[in-house]
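Coordinate analysis (summary)
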Amino acid sequence: ELLKRREKREKAELALKSAKEEGNVEEEEKQSKRLVRAGTKENEDCIKLLTLMGVPVVRAPCEAEAQAAALARAGTVYACGTEDMDALTFRTPILLRKMTFANAAKSDIQTMDYKKAIRGLELT
C-alpha cells in the first residue's frame, strides 16, 4: 500500500512538472491537489470545525480502523467508513467504502457485512 502511494505521488510530481513546462494551468492545478498532504495542523483544524458543528470527535489511541470497528461492534455507530479493508480484520459489523465525493459520480457506496462475508467464505 505504501509503495502504491509513493508511486502515485511520484507520477503526480512528474505530471505536475510537465504541466508547468507546457503552461497547462488546469492540469497543473489538478496535479497539485494530488500532492497535498494533511498534517497535524490540518487535522486539528478539522477537529475544531467538527466540534463547532456539534459533531462528536473520537481520537483513536492507535489504529483508527480498530477504534471505529470497536464503536461499530458496541452499537455506538452504524458502521465503519474507510477505503481500507483492514477494518474487517477488526471485525467491524458493517464496512462502508467509496464514500468520497471523488467517487460519487463513478460508483455507489459499497456496503460489506462482516458476518455474511465470513459465512460466504466458510470461515470461522
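All chains use their own residue numbering, which begins from 1 and follows the written sequence. Local features in this predicted model are restricted to residues whose pLDDT is 70 or higher, and side-chain atom pairs enter the listing and the counts only when it is 80 or higher, whereas totals over whole chains, interfaces and linings include all residues. Only heavy atoms go into the side-chain values, all of them from the structure, while hydrogens and water stay out.

**Side note on the overall build of the protein**
By definition, any uninterrupted DSSP run of H or I lasting at least four residues is a helix, any uninterrupted run of E lasting at least two residues is a strand, and each is numbered from the N terminus. Within the protein one finds 6 helices and 3 strands. Starting at the N terminus and ending at the C terminus, the protein contains elements arranged as α-α-α-α-β-β-α-β-α. Radius of gyration here uses only the C-alpha atoms, and the compact-globule reference equals 2.2 Å multiplied by the residue count raised to the power 0.38. Relative to the globule expectation of 14 Å for 124 residues, the C-alpha radius of gyration of the protein, 18 Å, shows a markedly less compact shape. Taking the principal axes of the C-alpha coordinates as reference, the protein spans close to 55 × 40 × 30 Å. For every residue, the accessible area (1.4 Å probe, protein chains only) is compared with the maximum for its type, and the residue is labelled buried under 20%, exposed over 50%, or partly exposed between those bounds. Buried positions account for 15% of the 124 residues belonging to the protein. Note on contacts: a residue pair is in contact if any heavy atoms of the two residues lie within 4.5 Å. In the protein, the proportion of contacts linking residues at least 24 apart, taken out of those at least 6 apart, comes to 11%. Exposure was quantified through the Shrake-Rupley algorithm and a 1.4 Å probe, taking into account, for residues, occlusion by the shown protein chains and nothing else. Surface summary for the protein: the accessible area is close to 10000 Å², and the carbon and sulfur share equals 56%. With 23 positive and 21 negative side-chain charges, the protein shows a separation of 4 Å between the mean positions of the two kinds. Just so you know, the count uses Lys and Arg for positive and Asp and Glu for negative, and it drops His and the chain ends. Just so you know, the charge point we use is NZ for Lys, CZ for Arg, CG for Asp and CD for Glu.

**Comments concerning the confidence of the model for the protein**
Across the chain, each position has a pLDDT score giving the predictor's confidence in that residue, from 0 to 100. When pLDDT is averaged along the protein, the result is 89, and 95% of the positions lie at 70 or above. Summarising per-element confidence for the protein, the mean pLDDT is lowest in helix α5 (residues 101–104) (61) and highest in helix α3 (residues 40–52) (95).

**What to know about the sheet that holds strand β3 (residues 110–113)**
Within the open sheet, the 3 strands sit side by side as β1-β2-β3. Their pairing is mixed. Both edges of this open sheet fall to β1 (80–81) and β3, since each of them pairs with a single strand only. Pairing between strands is defined by DSSP: at least two bridges between the two strands are required. Two elements, β1 and strand β2 (residues 94–97), share 2 bridges in a ladder whose sense is parallel. Looking at β2, one finds that Cys-80 is bridged to Leu-95.

**Concerning the pairing of β2**
The alternating pattern of β2 places Ile-94 and Leu-96 on one face and Leu-95 and Arg-97 on the opposite face, and all of these are buried. Where β2 and β3 come together, 4 bridges link them in antiparallel fashion. If you follow Ile-94 over to β3, its bridge partner there is Asp-113.

**Details of the pattern of salt bridges**
Every case where a carboxyl oxygen of Asp or Glu lies within 4 Å of a side-chain nitrogen of Lys or Arg is listed as a salt bridge. Inspection of every chain in the model, using the stated rule, returns 4 salt bridges. A salt bridge links Glu-13 to Arg-9; the shortest N-O distance between them is 3.7 Å. Residue Glu-13 and its partner Arg-9 are both found in helix α1 (residues 2–22); the two are separated by 4 residues, about one turn of the helix. When its relative accessible area of 30% is taken as the criterion, Arg-9 is described as partly exposed. For Asp-45, the salt bridge is made with Lys-41, and the minimal N-O distance between the two is 2.8 Å. A residue pair is termed a helical-turn pair when its members lie 3 or 4 positions apart in one helix, as Asp-45 and Lys-41 do in helix α3 at 4 residues. Residue Asp-45 is classed as partly exposed on the basis of its relative accessible area of 38%. The class of Lys-41 is exposed, set by a relative accessible area of 57%.

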